[in-house]
Structures are given as structure tokens and as C-alpha cells.
Amino acid sequence: AGATNGLLPRPCRVMVLLNPQSGSGRALPLFRSQVQPMLTEANIAFDLFVTEKPTHAWDLVREEDMSRWDALVAMAGDGLLYEMINGIMERPDWRSVTQKPLCILPGGSGNALAASLNHYAGKGNFVKEDLLINCTYFLCKGLHEPMDLVSLRTASGRRLFSCLSFGWGFVSDVDIASERYRKLGSARFTVGTFQLLTTLQVYKGRLSYLPADEQSPASDSSFPTGTQNCPSAEHHQHHQGSFDNGTLPVRILLPPVPPSPREGGDLEDSLLVPFEQPVPKHWTVVPEEEFVSIVCIYQSHLGADLILAPNAKLCDDAIHLFYLTAGVSRMAMVKIFMAMERGTHLTLNNPYLHYVPVKAFRLEPLEPKGFMTVDGEVLACQPVQGQIHRRLTRIISG
Ligand code: ADP
Ligand code: MG
């Protein structure tokens, strides 16, 4: 709010990327019938780019002449905006291009960012076409404000930028397993949740984090050699090999690959240390090593009607870390997910459900199980760490 707000110029021209496959496959007709007339009315000219395959948006945004556009719009689920953000961060001019406002028009089945923006604007819970119309109205008004991003590092050497969430375990598996119900729209997550509850799994891993309220130590660069905060430091030894290959024994890492000079440019992750080193000693290592689900979320909504972090803000410099430890009953999980529709799950005081706001985290799976997700997109199960970057980009908001 206040001085950090910006306003789209009028007239203006925006680049719209549309995923025709997102959600139940109706993004293009919805754009034509709902969005286009409103943009014309608001004096917003646009060029429409219909994506043809995964990573198409990523490549388009990386190569595009950005001087042509006042804003970049995704008409899709969260996955397309994730690709656009990563395309931007691979550009040599990422620092200036990240100041160009992004916009999400929900046309997918996973519309968590759109639902979060609605929530921040005090609009209550909207889904489907009502949510789309609200977000199109935001674009017509043209207000934009800064948004935090999380920089993620994988053990295989990738660097990814995420605007919504990172997860492993139950919630991620629901996201992936429910892909085949995408014709149902956002109801696919409800169906998937109940289906996966019947075969509840445990995921073994080590989770560490830098609490948001932890003061950084006097000398930030002195990496600890002690292990007093790390109950089982012997597990930190790593061996060469590929974690992505399901046939190999557990806890095996690729040798670190230097990040490509294009990925994220020269933006440093000052809170992270290499995977070969234990986490800094002022971090917290979670004593439990058996989880049902781990979700790092940086917006309020996990899905259009799932409010996982009701207090999250666009720009709160925090990763909201939620994890469910093993032992939680199926009935308790049903209760938690039902309460999440109103964002009241923490008031259940379930001892297996943990919440802590953090600045950075590291997750080291002790077995390669299932997949991980970044903004709803699939990532091979492997050690991942990340940190928040305040105000790294801008987004059209309510
Ligand atoms: P949803 O919310 O329904 O998952 P997303 O916009 O998140 O919709 O997109 C899901 C995936 O579809 C992304 O991985 C994206 O790369 C991919 N994608 C984009 N365009 C196409 C296309 N033309 N055909 C198939 N997949 C595509
Ligand atoms: Mg998606």
C-alpha cells in the first residue's frame, strides 16, 4: 500500500499468455467472452499468445522485447505465471524487467495466487468465473504493488523462482495425482484429497529453517562448524550419484553444479549455505523426521478455496512453513482440510499440525518418494533449500 503502489499508464499495451489446456480447457473461450470486452472498455490493448506446450511461456518471456509491454498477463493456472517469472529471471536484464507488473487471470484449476489477491483485497472467497471477473477488474483498474519471491536451489544444481508454494508429501501428491480429474476444475483437489487419504503415506526427511524472528548472528558469513542444533549430523554426509534416479539408494546427491550464469543473474541467496554444509547453527532443525506433508507457502491460498496461510501478505518477507508430522489420523486430516476452507485449521490445535513463519528452509528427503511441487508444477524429489526475497517483482492487485 501507499508509496509502493503503481498504476498502469493509459492507454497501455499488455502481453497476454494463455494456456488453452489449463483448468477444464476453457481459458480461450473465457478470455474471448469475459476478459476481452472489459479490456477494450478500459483502453488496454493486448497481444494474445496461446501457448503450445509446457515451457513455451518460459521461452517466450525470456526472449521477448519487453519495451513493447506495460504488463505481462497470464490467463491460466498458477503454473503459467511460474514459467513466466522464471523466464524473466533468466534474462540478463531481469532487474528492470521484474519491475514490469505481472497479472494473473485465473483460467486454470490451480488458481491460488488469484484467490490470494482477492483475499488481500478483502473481496471474500470467489471461485471460477466470479474470480476471473474480479481479477480482470483488477487489471482494468491497473494498480500494482511489490510481491516477494522465493529463490529455490535444488541439489541437482537448478535455481527456480517461486511466487506461491513449495511442497512435498500429501498436498503435493494430491496436486499431481488429481491432474487426471482436471475436467472438474478446482474440485479436482477435493476428489484427490479423499482418494489419497485412503492410502496415507509417510515421507522421511530432514527439515530445517531460519525462523522469521531469529536475529542474524553478529558475523553473518561465519558458517558454523558445530552441530549442537543438529540432532543427527552424521546424516549430512553425502555421496555422489543422482537422487533423481529412483533405483539408487537413498541420500545420494549429484555433485553440485555451478548455477548457470543466466539463472537469476547475480541475485545472491545470502541466507543459504551449500548442501554439503550443515545448516547454520542459528537455524532450527525439526526433531521429527517422518512427515505426512510439508508446505512452504508465501501467499494466503493453496487453492481457490483453501486458505492455508490466512495472515500471509504479498510482501511480508516470510515463508509460511506448515508441516504435518506422521501419526495424524485420517479423520483429523479431514477436519484440517475442511477447516482450511475458512482458514481456521490452526484453531483446531492439532498436535501434528505445525506452523512457523521462516526466512529460509532446507528439506532433505531421506528417501526419494513421490514428487515435489513448485507453484503446482512437478519437481523430482531431491534436497531443496530456499529463501525469501523481498519485493523482487510486482503484481496487479486489487
Ligand atoms: P492448471 O491450473 O490447470 O494446472 P496451469 O496454467 O498451471 O493450469 O498449467 C499447467 C501446465 O500446462 C504448465 O506446466 C504449463 O507449462 C503447461 N502448458 C502450457 N501450455 C500448454 C499446452 N498448450 N499444452 C499442454 N500443456 C501446456
Ligand atoms: Mg497448475
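Above: the structure in question.
What you are looking at is a predicted structure, and each value in this text was computed from that prediction instead of being measured.

### Observations regarding the pattern of salt bridges
And then number 1: All chains considered together, the criterion is met by 15 salt bridges.
And then number 2: In this structure, the salt-bridge partner of D59 is R62, at a minimum N-O distance of 3.0 Å. Placement of both D59 and R62 in helix α2 (residues 56–63) is noted, with a separation of three residues, approximately one turn of the helix.
And then number 3: Notably, a salt bridge pairs R159 with D269, separated by 3.1 Å at the nearest N-O pair. With a gap of 110 residues between them, R159 in strand β7 (residues 159–162) and D269 in the loop between β11 (252–253) and β12 (284–285) connect regions that are remote in the sequence. Of the two residues, R159 and D269, neither departs from the other in class, the shared state being buried.
And then number 4: Taken together, the shared-partner salt bridges connect R13, D47, E64 and R68 into one network.

### What about the packing of aromatic side chains?
And then number 1: For the coordinates displayed, the defined rule picks out eight aromatic pairs.
And then number 2: With a centroid separation of 5.4 Å and an interplanar angle of 25 degrees, the aromatic rings of F166 and F361 are classed as stacked. In this pair, F166 sits in strand β8 (residues 165–169) while F361 sits in strand β17 (residues 353–365), placing the two residues 195 residues apart along the sequence. Neither F166 nor F361 differs from the other in exposure class; each is buried.
And then number 3: Aromatic pair F291 and Y323: ring centres 5.7 Å apart, planes at 80 degrees, arrangement edge-to-face.

### What about the site of ligand 1?
And then number 1: Around ligand 1, a shell composed of 22 residues is seen, among which G23, T51, E83, R182 and E377 lie nearest.
And then number 2: Within the backbone of G77, a nitrogen or oxygen atom sits 2.8 Å from an oxygen atom of ligand 1.
And then number 3: Note that an oxygen atom of ligand 1 is positioned 2.9 Å from one of the side-chain N or O atoms of S109.
And then number 4: Out of a free accessible area of 570 Å², ligand 1 has 85% covered by protein chains.
And then number 5: Its atoms largely coinciding with the cavity grid, ligand 1 occupies the largest pocket.
And then number 6: It is helix α3 (residues 78–89) that contributes the most residues to the shell around ligand 1, four residues altogether.
And then number 7: Among the residues forming the shell around ligand 1, the class breakdown is four nonpolar, 11 polar and seven charged.
And then number 8: When residues of the shell around ligand 1 are sorted by domain, at least three fall in each of domain 1 (2–147) and domain 2 (162–396).

### Quick look at the layout of surface pockets
And then number 1: The computed volume of the largest pocket comes to approximately 790 Å³.
And then number 2: Considering the residues around the largest pocket, the lining is formed by 45 residues, among which G79, E179, R188, G376 and E377 are closest to the centre.
And then number 3: Elements with a contribution of two residues or more to the lining of the largest pocket: α3, β8, α7 (170–177), α8 (187–197), β14 (301–303) and β19 (377–380).
And then number 4: With five residues, α7 is the largest single contributor of residues to the lining of the largest pocket.
And then number 5: Class assignment for the residues of the lining of the largest pocket results in 16 nonpolar, 19 polar and 10 charged.

Thresholds, definitions, all that
Residues numbered from 1 in each chain as written. Chains lettered and ligands numbered in written order. Predicted model: local features only at pLDDT ≥ 70, side-chain atom pairs only at ≥ 80, totals over all residues. Heavy atoms only, no water. Salt bridge = Lys/Arg side-chain N within 4 Å of Asp/Glu carboxyl O. Helix = DSSP H or I, 4+ residues; strand = E, 2+ residues; numbered from the N terminus. Buried < 20%, exposed > 50% of the residue type's maximum accessible area, 1.4 Å probe, protein only. Phe/Tyr/Trp six-rings, centres within 6.5 Å; stacked < 30°, edge-to-face > 60°. Near = heavy atom within 4 Å. Polar contact = N/O pair within 3.5 Å; in protein donor to acceptor, adjacent residues only side chain to side chain. Areas by Shrake-Rupley, 256 points an atom, 1.4 Å probe, with all protein chains shown as cover. 1 Å grid on protein atoms, 1.4 Å probe; cavity = no way out; pocket = protein on both sides within 12 Å on 5 of 7 lines; lining within 4 Å. Sits in = over half its atoms within 2 Å of the grid points. Nonpolar A, V, L, I, M, F, W, Y, C, P; charged D, E, K, R; others polar. Domains from an automatic or database assignment. Points joined across faces, edges and corners; volume = space filled by probe spheres on them.

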